[in-house]
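Below, each chain spelled out in residue letters.
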Protein chains: 10
Amino acid sequence: MLFHVRMDVHLPADLDPEMRADIVAREKAYSQELQRSGKWPHIWRIVGEYSNFSVFDVESGDELHDILSGLPLFPYMDIKVTPLAKHPSKI
Amino acid sequence: MLFHVRMDVHLPADLDPEMRADIVAREKAYSQELQRSGKWPHIWRIVGEYSNFSVFDVESGDELHDILSGLPLFPYMDIKVTPLAKHPSKI
Amino acid sequence: MLFHVRMDVHLPADLDPEMRADIVAREKAYSQELQRSGKWPHIWRIVGEYSNFSVFDVESGDELHDILSGLPLFPYMDIKVTPLAKHPSKI
Amino acid sequence: MLFHVRMDVHLPADLDPEMRADIVAREKAYSQELQRSGKWPHIWRIVGEYSNFSVFDVESGDELHDILSGLPLFPYMDIKVTPLAKHPSKI
Amino acid sequence: MLFHVRMDVHLPADLDPEMRADIVAREKAYSQELQRSGKWPHIWRIVGEYSNFSVFDVESGDELHDILSGLPLFPYMDIKVTPLAKHPSKI
Amino acid sequence: MLFHVRMDVHLPADLDPEMRADIVAREKAYSQELQRSGKWPHIWRIVGEYSNFSVFDVESGDELHDILSGLPLFPYMDIKVTPLAKHPSKI
Amino acid sequence: MLFHVRMDVHLPADLDPEMRADIVAREKAYSQELQRSGKWPHIWRIVGEYSNFSVFDVESGDELHDILSGLPLFPYMDIKVTPLAKHPSKI
Amino acid sequence: MLFHVRMDVHLPADLDPEMRADIVAREKAYSQELQRSGKWPHIWRIVGEYSNFSVFDVESGDELHDILSGLPLFPYMDIKVTPLAKHPSKI
Amino acid sequence: MLFHVRMDVHLPADLDPEMRADIVAREKAYSQELQRSGKWPHIWRIVGEYSNFSVFDVESGDELHDILSGLPLFPYMDIKVTPLAKHPSKI
Amino acid sequence: MLFHVRMDVHLPADLDPEMRADIVAREKAYSQELQRSGKWPHIWRIVGEYSNFSVFDVESGDELHDILSGLPLFPYMDIKVTPLAKHPSKI
């Protein structure tokens, strides 16, 4: 089933640059693997913010929580999940 | 360019049923025409709410405002538009 | 899967008493049928409010939206759905 | 009587990993002992958040406050308690 | 046990004055009976608002909900209940 | 005159334990002296929070501000003061 | 003592113009009498809003509530009262 | 001096269409006269909302309030005014 | 023209006491000079908070911003400015 | 197309003064270059706040995000972007 997710990243401004680069690189790899698997079909940057809107396609809330809590940036993010249904006007 | 849109519908509970059915039918036709044209690529129902998350692909803010203010349900909706950009992790 | 749902009812104070009684009776029957089916395992009144916290156990967001939008009180409610996962401390 | 509780955990991202593991382990043991005693009948993870929705079954507000303020994670949590009553539609 | 309650009254400005006077008179009688019984030990007007802060002393959330939902002004009020415990500094 | 006060304490989780114990002990003594004097007639713990609801009975806003800003925990608290009046239904 | 008061007026757009003019005229007279008495030393319009910031100088919360609830516009206003004290930098 | 203004229009969905057209036409004429005079240098539609962001260039808060409260749509609008200053980076 | 200003001070609890005393002393001198000049005609402490409501009488938004951003406590304050106009009921 | 942007700067009060001066100087140069290019046609200081309202004129959301995320102050700012359209009353 589909879930809409908003993620807001709050990396401390004084984080060690190497550590920051490492977390961001691991986040990218983790995200791209999930995109390739079909579980993370959409991700958009919100203009002007260190944030994204995403859509996930997973079996259950348990699977989604495993995915989200495994994000390398998880300790630095506020995440808001909204369950989706098919819209009756959808072609 | 892409815009994320949340629409919340507030039809009065005592609206004349025929008028209601008419507005909803016109809304559906209007939405489906825009979906077919490629300008409204995504629409999902938010579970438990008379609301949707949508993504629009338009030339400009002017075009998007024309589309949204032309929705038959526009006088009964709260709409929130967020501009999107390509996410650096997007495959 | 499990969803946490908060429902807040806003029946107009001047609603026709018969109509009100009819809606409330149908709501109760509808709710109890779903409770018996196992799809609505928990419902609690929030003290001092015309509101409830509920837990639903359904196959998908689509099924939950069908259930919630079919509630006789749906046109008079604000509903907020939160997806749940198993808690790691749960015995 | 029953209380609905939402707990949001805010552990500092730079907390010493051993101290973190120790707090989390003690929290789990404390929670499971209360679950076994029947005082903490429900606990669910909120998908995508370091948060839970719980239901407690206690004698009084005093007992509930003793339980909650004794949580090893209490200094790192925002907690919101809502009193519950039997719902008239509950089967 | 003790509960802190905030009540905000929203009587429509165009309510029939007789009906208004009747509701307010029944509210007063209902409140005073509960005050005399010891179940409603404190009630204060919030300055400048048609609102009060109250403290109730009841057996359970069920009893409190029965009392509050029986208020003649209940259909016109927003009510917020907060459970209380003994404060460790209380003499 | 009477004032309703809500106090929310935010002691840093890494505060030196001795300093913490000292502040809390001085806070308790300060509060109890004011309770004995009749100026702080009510104090209740809010269940699940490091917070209280209190009622103060003082001569003026100046006196109340002197009392509150003298609290040993004042630098660590958010305080919200609401003026009270006699309720017309009060027996 | 001094209180800061914000008043926001919400007169229905379809109110009978004569009734509206009458309420507004009585409000003005009521306000000016209190200004002359010294109890309402300051009143300013908030630019762009049907609202004011005022300061009242009264004996008690009871007196202030009597004054505010006697305003002809009281049934149409949201009022927020904040108690004031002498500022230590005030010359 | 310059003021930033946000206006949100809330015309009732069931307003008489002729009355609506008349108000909107008078609003447009009123706005354009002020734009021509130089007092209303900027006005933009907020995409998807019946709202605008504007900038006014006036002598004083009194003048701005006279202008805004004279808007034919004033009884149907929420208005929020923010005073502006020259930005130190402005070329 | 007149502006209503709310200032909320957030000095870190662990600020060096000498530095704190120095900032507060400079703030007081700065404020009193402006009060004497007639530009800061009103300042009141908000009871229970490290905050004030003030009224400024200045030539322009530019002048007010210069004054406020020059406050020794400016880096530690949240400030909210609201433009004022003469109230039609003002005597 | 046009976008309305609000930026709120939160530089830590204890930031190294040289580093602070350097960031602010680079921010100014970056902003002025964009102003000269026509992409940042408006910028105003919000009175009393370390904030601005700006209008950007760019090709797309992607271009705007590149500009904003390149601001030297970006790691220290909250940014809120609102898409604009031509207003029908605009002369």
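Computed from a prediction, not measured in an experiment: that's the story for all the values here.

Turning our attention to the relation of the copies chain B and chain A. Here chain B sits on chain A after a turn of 180 degrees about the axis and a move of 0.0 Å along it, with an RMSD of 0.0 Å. The relationship between the two copies is best expressed as a two-fold rotation axis. An overlap of 100% is found between the interface residues of chain B and their copies at the interface of chain A, pointing to a shared contact surface.

Three or more residues of helix α2 (residues 61-69) of chain I are buried, namely I:Gly61, I:Glu63, I:Leu64, I:His65, I:Ile67 and I:Leu68. Of the surrounding secondary structure, the elements contacted by the buried residues of α2(I) are β4 (77-86) of chain H, β1 (2-9), α1 (17-37), β3 (51-57) and β4 (77-86) of chain I together with β2 (42-46) of chain J. A side-chain oxygen of the first residue of α2(I) lies 3.4 Å from the backbone nitrogen of I:Asp62; this N-cap is I:Ser60.

Overlaying chain H with chain B gives an RMSD of 0.0 Å, the required rotation being 72 degrees about an axis along which the chain moves by 0.0 Å. The two molecules are tied by a five-fold rotation axis, judged by turn and shift. The position closest to the rotation axis in chain H is occupied by the C-alpha of H:Pro12, lying 9.6 Å away.

Our focus in this paragraph is the UniProt feature "domain: Muconolactone isomerase" (unreviewed entry) in chain A. As annotated by UniProt and renumbered to match this structure, "domain: Muconolactone isomerase" (unreviewed entry) occupies residues 1-89 of chain A. Across residues 1-89 of chain A, helical content stands at 34% and strand content at 34%; the span's end C-alpha atoms are separated by 18 Å.

Pairing is antiparallel around the closed barrel formed by eight strands, whose spatial order is β1(A)-β3(A)-β2(A)-β4(B)-β1(B)-β3(B)-β2(B)-β4(A). In this sheet, adjacent strand axes meet at a mean angle of 35 degrees when their direction is disregarded. Alignment of strand β2 (residues 42-46) of chain A against strand β3 (residues 51-57) of chain A, held across four bridges, turns out to be antiparallel. Each bridged residue has a counterpart across the sheet, and for A:Trp44 the counterpart in β3(A) is A:Phe53. Packed onto the sheet, helix α2 (residues 61-69) of chain J meets β2 of chain A together with β4 (77-86) of chain B and runs at close to 70 degrees relative to β4(B).

Residues and elements named next belong to chain J. Within strand β3 (residues 51-57), six of the seven residues are buried, leaving the element largely enclosed by the surrounding structure. Note: strand β1 (residues 2-9) against β3, seven bridges, orientation antiparallel. Its bridge partner lying in β3, Phe-3 is registered against Phe-56. Where β2 folds back on β3, the antiparallel hairpin that results is connected by four residues, among which Gly-48 adopts a positive phi of roughly 85 degrees.

Residues and elements named next belong to chain B. Applying the stated criterion across every chain, the model contains ten aromatic pairs over all chains. For the pair Trp-40 and Phe-56, a centre-to-centre distance of 4.5 Å together with 35 degrees between the ring planes defines the contact as tilted. One end of the pair, Trp-40, is in the loop between α1 (17-37) and β2 (42-46); the other, Phe-56, is in strand β3 (residues 51-57), with 16 residues separating them in the sequence. As far as the burial class goes, Trp-40 and Phe-56 line up, both buried.

Reading the values: the criteria
- Residues numbered from 1 in each chain as written.
- Chains lettered and ligands numbered in written order.
- Predicted model: local features only at pLDDT ≥ 70, side-chain atom pairs only at ≥ 80, totals over all residues.
- Heavy atoms only, no water.
- Least-squares fit on C-alpha atoms with pLDDT ≥ 70 in both.
- Contact = heavy atoms within 4.5 Å.
- Buried < 20%, exposed > 50% of the residue type's maximum accessible area, 1.4 Å probe, protein only.
- Helix = DSSP H or I, 4+ residues; strand = E, 2+ residues; numbered from the N terminus.
- Polar contact = N/O pair within 3.5 Å; in protein donor to acceptor, adjacent residues only side chain to side chain.
- UniProt positions renumbered as here; feature names shortened; annotations may be inferred.
- Pairing = 2+ DSSP bridges.
- Axes fitted to C-alpha atoms, helices over the stretch in contact; angles between N-to-C directions.
- Phe/Tyr/Trp six-rings, centres within 6.5 Å; stacked < 30°, edge-to-face > 60°.

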